[in-house]
Amino acid sequence: MFSAQTSRPLTRRPRWTSRLVAAALAALASGVVIQAPNANADIMIGGYSVGGEIGDAYLGSGGVFKWGAPTAAEAAAAQGGRFQTFARDVSFYTHPSVDDGTAHQVGGAIRARWAKAGWERGPLGFPTSDEDRAGSGRANEFQGGVICWSKTGGAQIVWGEIQRKWEDAGGARGYYGVPLGGEYRVGSRFAQDFANGTIFWP
């Protein structure tokens, strides 16, 4: 690429440079030490390396300022995945065959509910989205379902055929709203209560 005024080539900074600058500014405010890497290398934050898909997601979504410093090194997750934990009650998870390897953040009450269900080794599997607003609550999508948190219902799993019916009606933003509890049996059927009604299956 050339400048029309000077005809000299314009250099582009590596992708990590702008993220490193933002992370460094946030770290200065919080007293965390960041060591600058060579091009394409991981970044050292508070004594731990952050890089790859997790580094891209972490730095791209707020880094130290939003999630705090890493509390441990990146480690192995189930079935060839990877994860890393951060100070503000959050972890980033990635798997090469899930969502094209994109790392996703899971935190707070949603992360605690996911842990009770067996983390990525359980029926929910790996996260396929970051936590986001969902009606009057917040939600993360996973391979095997959704965990939706709200002040009225806490963190609840919605999955299977009930999830399909719920999402067909607009999910947490739709007719039924946020879940108020988990799935339960009613005779030979399954049911789950939501803010505006109950979904049965079959």
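Since the model is a prediction, treat every value here as computed from it, not as a measurement. (Residues numbered from 1 in each chain as written. Predicted model: local features only at pLDDT ≥ 70, side-chain atom pairs only at ≥ 80, totals over all residues. Heavy atoms only, no water.)

Asks: Describe the pattern of salt bridges, and please don't skip the residues or the numbers.
Replies: This structure, assessed with the given rule, holds five salt bridges. In this structure, R82 engages E74 in a salt bridge whose closest nitrogen and oxygen atoms are separated by 3.0 Å. Overall, the relative accessible area of 29% leaves E74 in the partly exposed class. A salt bridge links R111 to D89; the nearest nitrogen and oxygen atoms lie 2.9 Å apart. You can see R111 sitting in helix α4 (residues 108-116) and its partner D89 sitting in the loop between β5 (82-86) and β6 (90-94), a full 22 residues away along the chain. (Salt bridge = Lys/Arg side-chain N within 4 Å of Asp/Glu carboxyl O. Buried < 20%, exposed > 50% of the residue type's maximum accessible area, 1.4 Å probe, protein only. Helix = DSSP H or I, 4+ residues; strand = E, 2+ residues; numbered from the N terminus.)

Asks: Help me get a handle on a nonpolar patch on the surface, residues and values and all.
Replies: Residues Y184, V186 and F200 make up a contiguous nonpolar surface patch of roughly 220 Å² in combined accessible area. Mapped onto the elements, F200 comes out in strand β14 (residues 197-201). F200 gets classed as partly exposed once you look at its relative accessible area, which sits at 31%. (Patch = residues over 30% accessible without salt bridge, like charges linked within 9 Å, V, L, I, M, F, W, Y side chains within 5 Å. Areas by Shrake-Rupley, 256 points an atom, 1.4 Å probe, with all protein chains shown as cover.)

Asks: Residues and numbers for the sheet that holds strand β11 (residues 154-158), please.
Replies: Judged by pairing direction, the sheet is antiparallel, and its four strands sit side by side in the order β8-β9-β10-β11 without closing on themselves. In the strand order of this sheet, the two ends are held by β8 (132-134) and β11, each with one partner. Between one strand and the next, the sheet's axes are offset by a mean angle of 35°, whatever the strand orientation. Note that strand β10 (residues 145-150) and β11 share five bridges and pair antiparallel. (Pairing = 2+ DSSP bridges. Axes fitted to C-alpha atoms, helices over the stretch in contact; angles between N-to-C directions.)

Asks: How would you sum up the sheet that holds β14? Please name residues and give values.
Replies: If you walk across this open sheet you meet the three strands as β12-β13-β14, and the pairing is antiparallel. In the strand order of this sheet, the two ends are held by β12 (184-186) and β14, each with one partner. The average angle at which neighbouring strand axes cross in this sheet is 40°, direction not considered. The pairing of strand β13 (residues 189-194) with β14 spans five bridges and is classified as antiparallel. The residue bridging D193 from the neighbouring strand is T198, located in β14. Those strands touched by helix α5 (residues 160-168) are β13 and β14, and its axis lies near 130° from that of β14. (Contact = heavy atoms within 4.5 Å.)

Asks: Give me the lowdown on the confidence of the model for the chain, citing residues and values where you can.
Replies: Where the model shows low pLDDT, its predicted coordinates should not be examined in detail. Across the chain, the average pLDDT comes to 87, with 80% of residues at or above 70. Confidence drops under a pLDDT of 50 for residues 1-18, and excluding neighbours within four residues, the segment shows 14 contacts in the predicted structure. (pLDDT = per-residue confidence, 0-100.)

Asks: Please set out a negative patch on the surface residue by residue, giving values where relevant.
Replies: A cluster of like negative charges, contributed by D130, D132, E141, E167 and D168, occupies part of the molecular surface. Its location among the elements puts D132 in strand β8. The exposure class of D132 is partly exposed, given its relative accessible area of 46%. (Lys, Arg positive; Asp, Glu negative; His and termini not counted. Charge placed at Lys NZ, Arg CZ, Asp CG, Glu CD.)

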